[in-house]
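Letter by letter, the chains look like this.
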Amino acid sequence: MSILIKNGKIITASAEYEADIFIEGEQISAIGKNLQVKADQEIDATGKIIFPGGIDPHVHLDMPFMGTFSSDDYSSGTLAALHGGTTMVIDFVLQTQGKSLQHALDAWRGRSDGNCYGDYGFHMAVTDFNDSTKEEIIHMIEQEGITSFKTFMAYKGALMIDDGQMVGLMKEVKKHGGLVTVHATNGDMIDTLIAKHKSEGKLSPLYHYLSQPEVTEAEASGRFADMANYTGANGYIVHMTCEGALEAVRRSGSRNQRVHVETCIQYLILDASLYEKDFEGAKWVMSPPLREKKDQEALWAGLNQGLVQVVGTDHCPFKWEQKLMGKDDFSKIPNGHPAIENRIELLYSEGVNKGRISPQKFVEVTSTNAAKIFGMFPKKGSIGIGADADLVIFDPNEKHTLSAKTHHMNVDYSGYEGWEVTGKCKTTILRGKIAIDHGEVKIEKGYGQYVKRNKVSPII
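A brief report on the enclosed structure follows. From a predicted model like this one, the values you see are computed outputs, not experimental measurements.

1. Describing the packing of aromatic side chains
The description of two aromatic rings rests on the distance between their centres and on the angle between their planes. Scanning the model with the defined rule gives 15 aromatic pairs in all. Among the aromatic residues, those joined into a cluster by ring pairs are Phe51, Tyr348, Phe362 and Phe394. Note that Lys150 overlies the ring of Phe92, its terminal NZ or CZ placed 4.2 Å from the centroid. Here the guanidinium or amino end of Arg431 rests over the ring plane of Tyr447, the centre of that ring lying 4.2 Å away.

Following this line, the structure appears as structure tokens:
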């Protein structure tokens, strides 16, 4: 099967130009003006822009949490991602304390394999680092293509590891060419504040936010950077939300250290005032919580300064009935927010159209940098000869309104209900096949492939 895309404007992380794209099989075969080739199908992209398929390196699909599961499974989640221009996701395999990494991977594969519309990979969340776990690291990197290892500095008793385990994991992962990622918040401080608020009868969603002040994230981010510097490990902080944490990373640069940083679309455009909406604030209960306007400004600046390299989603949706588990106690509200389908359009509308970031920066932080950091470039995240034909044909001028009535995520509300955006994904191509065309699904469940990733480099 071959496709010729004509008359579009190509945008990459480094350039913007008009050219045709010729796809043969799963890969890009030729790029040039007025290509004279015969194709099985032609697409006229006049007035549209074309950029690499999005990569969301932070999602939680079909994830067990607090006695329930996130409401998007691998089928609905990756399909919603494709509707929103994201052609690949990287999910988190969560080790159960006391059990092996392989045990966890087998459980996640049981839910994912054969069920994905879009391509996918895994991070391995290490919640119990010991001699047995240590021996599994090389197998995960060399055989499974899992080159990034998630750690938690919060959720004691379930996910959190201590600093000694963190240092041990960093040393082992560094030895084998991997990357250590972190949920950087001070769990002990947060647990103390949660207990304090509950003892005072302060149980609304607002106190989820007030239990995680900025200092809890800033302190943990700095501590993680210090440990990464001490061990020489390649480090990556997920879902950064605030100015204080960004300043901790900025300080680490003064000693010539590079710490990769990811933020999420919600932290760029939503703020903590939403927690004042009584229990409706539960829609935005996530960890870390939404922050203040000054933090949004810091994160936008961080994108342009290169301090923040990736915009993901931390997509972890729960239906309203699930959120009601915490109706009388904020600490029982399942943490998570639906955004996998909205990230690309929101960032283009709020970022590029409003002059906050350039089109090249948009491509960089939605696709190319994730491909580089996580060992998939130039196969993914690029428009070049031999790259996977993962492409989005996008109308930069089409206005539309986000709503739970029209989105494809398996959740009965939207964190962006009524939000008007300018820019719409019209056609999404995955490995040379049209996956979504003007809202119509063109591929079958199971077309998505597991992507083994290469060893990573601290330089992008």
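There is more to say after this.
2. A closer look at the environment of Lys445
Within the element layout of this structure, Lys445 appears in the segment after strand 19 (440-441). Accessibility expressed as a relative area gives 44% for Lys445, which makes it partly exposed. Between the alpha carbons of Lys445 and Gly118 there is a distance of 8.6 Å; along the sequence they are 327 residues apart. Leave out the neighbours within four places in its chain, and Lys445 touches Ser75, Gly114, Asn115, Cys116 and Tyr117.

3. Side note on the packing of helix 2 (residues 101-112) against helix 3 (residues 131-142)
Contact pair helix 2 / helix 3: the axes reach a minimum separation of 9 Å and the direction vectors enclose 50°. Of the possible angle classes, the one that applies to helix 2 and helix 3 is oblique. Mapping the contact onto sequence places Leu101, Gln102 and Leu105 in helix 2 and Thr133, Glu136, Ile137, His139 and Met140 in helix 3. Residue composition of the contact of helix 2 with helix 3, grouped by class: 4 nonpolar, 3 polar and 1 charged.

4. Quick look at the sheet that holds strand 11 (residues 148-152)
Ordered by their spatial adjacency, 8 strands build an open sheet running 6-9-10-11-12-13-14-15, and the pairing between neighbours is parallel. Because the sheet does not close on itself, it has two edges, and the strands there are strand 6 (54-59) and strand 15 (310-312). Taken over all neighbouring pairs, the strand axes of this sheet differ in orientation by 30° on average, direction set aside. Pairing of strand 13 (residues 235-237) with strand 14 (residues 259-264), which is carried by 3 bridges, proceeds in the parallel orientation. Across the sheet, Tyr236 pairs through a bridge with His260, a residue of strand 14. Strands strand 11 and strand 12 (179-183) of the sheet are contacted by helix 4 (residues 163-175), whose axis makes an angle of about 150° with strand 12.

Analysis parameters
Residues numbered from 1 in each chain as written. Predicted model: local features only at pLDDT ≥ 70, side-chain atom pairs only at ≥ 80, totals over all residues. Heavy atoms only, no water. Phe/Tyr/Trp six-rings, centres within 6.5 Å; stacked < 30°, edge-to-face > 60°. Lys NZ or Arg CZ within 6 Å of the ring centre and 35° of its normal. Helix = DSSP H or I, 4+ residues; strand = E, 2+ residues; numbered from the N terminus. Buried < 20%, exposed > 50% of the residue type's maximum accessible area, 1.4 Å probe, protein only. Contact = heavy atoms within 4.5 Å. Axes fitted to C-alpha atoms, helices over the stretch in contact; angles between N-to-C directions. Parallel < 35°, antiparallel > 145°, perpendicular 65-115°, else oblique. Nonpolar A, V, L, I, M, F, W, Y, C, P; charged D, E, K, R; others polar. Pairing = 2+ DSSP bridges.

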